Amino acid sequence: MKKLALFLALSGAFVSFNAHAWGNDGHRAVGAIADQLIKGTPAEKRVQALLLPGESLEKVANWADCVKGTYCGPQSEEMVAYVAANPKHSEYHYTDVPFQNQHYHDHDVGTADDDIVQTLKQCIATLQGKGDKISNPHNFTPRQALLILTHLTGDIAQPLHVGAAYVGKNGGFVVPQKKGQIDAVEMFDSRGGNNLLLDDVKLSANSAQLIPAAPVDAEAKPATPPRAPQTTRPFHSYWDTTVVNYAFRRIGARTPEQFAQMVIAGNPAVGPNSGDPISWPYEWADQSLAVSKLAYADVVPGVATQQTSKNGEVYNVWSLTVPDNYPVPSSAAAKTQLIQGGYHLAAILKAIFPQ
């Protein structure tokens, strides 16, 4: 298969690590799927009791990103209090298991006490009424646990929020066996794919031939207005937003609610979770880790170059070589993962609130 050598460089400031997975529309789609799947169940009543009037899972799905203060306008008192009590809240959204690995294991390379799997476990325990100083060290309230669970169940379905890429000094992806090997000399952390760079214009040109254009609907407007293509895009950003747009276009959805309705009507095959619900995040992480292998399939880092952030930090970035048809398998995987996130969220809420 012919590949395109896609060399590019970031011209702006250093890109924040693992920011805003799935973007606004992707997270809302996960919440919208769960909203529909829990209708008429005891879980719906228990969820509504924790939400404010007018809120839904779709509407609060981005709350845990909004608290970062850069996406959603002024911070509410609730958000300010949460951030003050959780100074590491940005680290709750991901884990960095080498994508070549098969499973997430506690204390392995790339995992952390505050990573996405551990935080999801704390949210589940809190909503089960089992939260104590050991199982809920962040002291989440039930409402906070629901807001964070809603968002992180979407995050963990984004493959780059679980499977991380590490690059050797001579190029190529490598697998660290212990944390100390990731020293930015012999082995580099690509920061969740943020330092792996794509030529967005060329990739968009390829996608125009491979992904059908969205249908025209005079009555429906996209939740996020389309923007002109960027010249460059971090690999992580491509998986956060671009593949979501492609996934919507694949089925003709214009809004997250439409996406939810259409995928549920298709009766998708979603594997059941098993065992104690507190262990389900491990299953979700393993499933997403498997998809991260597809995300990195035939993706090759090129020669490293150095850039300097506005605060003076010097860091490496790598050009990428990707297959010509990369938008097709990546958008198909994104569609599957958004569905997985929505169905998993509904399933865990039904398991937590059976009556």
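For the structure, see preceding data.
Note that the structure is predicted; figures quoted are calculated from it, not measured.

Details of the overall build of the protein
Item 1. What the protein contains, in helices and strands, is twelve helices and ten strands.
Item 2. Buried positions account for 51% of the 355 residues belonging to the protein.
Item 3. Accessible surface, the protein: about 15,700 Å² in total, of which carbon and sulfur atoms supply 54%.

Re the pairing of strand 10 (residues 314-323)
Item 1. When you tally the buried positions in strand 10, you get eight out of ten residues, the bulk of the element.
Item 2. When strand 7 (residues 196-199) meets strand 10, the two strands line up parallel, connected through two bridges. Residue L196 lies in a different strand from strand 10, and its bridge partner there is W318.
Item 3. Bridge count for strand 9 (residues 300-308) against strand 10 is seven bridges, and the pairing is antiparallel. Bridge pairing in strand 10 links P301 to L320.
Item 4. In textbook terms, the turn of a hairpin is the stretch between consecutive antiparallel strands, and for strand 9 and strand 10 this stretch comprises five residues, one of which, G312, has a positive phi near 90°.

Examining the packing of aromatic side chains
What characterises a pair of aromatic rings is the spacing of the ring centres plus the angle enclosed by the ring planes.
Item 1. A complete count under the given rule lists 13 aromatic pairs for this structure.
Item 2. Note on F99 and F173: the rings are 5.5 Å apart at their centroids and 90° apart in plane angle, and the pair reads as edge-to-face. Of this pair, F99 sits in the loop between strand 2 (97-98) and helix 6 (116-127) while F173 is found in strand 5 (residues 173-174), placing the two residues 74 residues apart along the sequence. Across the pair, F173 and F99 agree in class, each one buried.
Item 3. Relative to Y326, the ring of F235 has its centre 6.1 Å away and its plane inclined at 40°; by these criteria the two rings are tilted. Taken together, the positions of F235 in helix 9 (residues 235-251) and Y326 in the loop between strand 10 and helix 12 (327-352) put the pair 91 residues apart, joining distant regions of the chain. For the pair shown, F235 and Y326 are each scored as buried.
Item 4. Grouped by ring-pair contacts, the aromatic residues F99, F173, F235, Y238, W239, Y246, Y296 and Y326 constitute a single cluster.

Focus on the pattern of salt bridges
Item 1. A full pass over the atoms with the stated rule returns six salt bridges.
Item 2. Residue R143 is joined to E78 by a salt bridge in which the shortest nitrogen-to-oxygen separation is 2.5 Å. In this pair, R143 sits in helix 7 (residues 142-155) while E78 sits in helix 5 (residues 77-85), placing the two residues 65 residues apart along the sequence.
Item 3. Residue E78 is classed as partly exposed on the basis of its relative accessible area, which comes to 28%.

Quick notes on the pairing of strand 7
On a regular strand, each side chain points to the face opposite its neighbour's, so the side chains alternate between the two faces of the sheet.
Item 1. Side chains of strand 7 alternate between two faces, with L196 and L198 and L197 and D199 buried alike.
Item 2. Both strand 7 and strand 8 (residues 232-234) contribute to a ladder of three bridges, which runs antiparallel. Among the inter-strand pairings, D199 is bridged to a residue of strand 8, identified as T232.

Notes on the sheet that holds strand 6 (residues 187-189)
Item 1. Spatial ordering of the open sheet is given by 5-4-6, a layout of three strands whose pairing is antiparallel. Looking at which strands have only one partner, the edges of the open sheet turn out to be strand 5 and strand 6.
Item 2. Of the pairings in the sheet, the one linking strand 4 (residues 166-168) to strand 6 comprises three bridges and is antiparallel in character. Within strand 6, the position partnered with Y166 by the bridge is D189.

Here we look at the packing of helix 6 against helix 7
Packed helices, taken two at a time, are described by their axes: the angle between them and the distance between them.
Item 1. Interaxial distance between helix 6 and helix 7 falls to 9 Å at its minimum, and their mutual angle equals 140°. By the angle between their axes, helix 6 is oblique relative to helix 7. Crossing geometry of helix 6 relative to helix 7 is assigned as left-handed. Residues I116, T119, L120, C123, I124, T126 and L127 of helix 6 touch helix 7, and the partners they reach there are P142, A145, L146, I148, L149, L152, T153 and D155.
Item 2. Taken together, the residues of the contact of helix 6 with helix 7 break down into eleven nonpolar, three polar and one charged.

Side note on the nonpolar core
Item 1. Within the largest apolar cluster, 84 residues are counted, with the highest numbers of intra-cluster contacts made by L149, L196, F235, W239, I348 and L349.
Item 2. By residue number, the principal contributor to this core is helix 12, which donates ten residues.
Item 3. Every residue in contact with W239, bar those within four places of it in the chain, is listed here: W22, Q158, P159, L160, A295, Y326, S330, A333 and A334.

Topic: the state of the cysteines
Item 1. Taken as a whole and judged by the stated rule, the model has one disulfide.
Item 2. Shown here is the disulfide that connects C66 with C72, its sulfur atoms set 1.9 Å apart. Residues C66 and C72 are joined through a disulfide that is left-handed, its torsion about the S-S bond being -70°.
Item 3. For C72, a relative accessible area of 36% puts it in the partly exposed group.

Calculation rules
- Residues numbered from 1 in each chain as written.
- Predicted model: local features only at pLDDT ≥ 70, side-chain atom pairs only at ≥ 80, totals over all residues.
- Heavy atoms only, no water.
- Helix = DSSP H or I, 4+ residues; strand = E, 2+ residues; numbered from the N terminus.
- Buried < 20%, exposed > 50% of the residue type's maximum accessible area, 1.4 Å probe, protein only.
- Areas by Shrake-Rupley, 256 points an atom, 1.4 Å probe, with all protein chains shown as cover.
- Pairing = 2+ DSSP bridges.
- Phe/Tyr/Trp six-rings, centres within 6.5 Å; stacked < 30°, edge-to-face > 60°.
- Salt bridge = Lys/Arg side-chain N within 4 Å of Asp/Glu carboxyl O.
- Axes fitted to C-alpha atoms, helices over the stretch in contact; angles between N-to-C directions.
- Parallel < 35°, antiparallel > 145°, perpendicular 65-115°, else oblique.
- Left-handed = near helix turned anticlockwise from the far one by under 90°.
- Contact = heavy atoms within 4.5 Å.
- Nonpolar A, V, L, I, M, F, W, Y, C, P; charged D, E, K, R; others polar.
- Core = buried A, V, L, I, M, F, W, Y, C linked by side-chain atoms within 4.5 Å.
- Disulfide = S-S within 2.5 Å.

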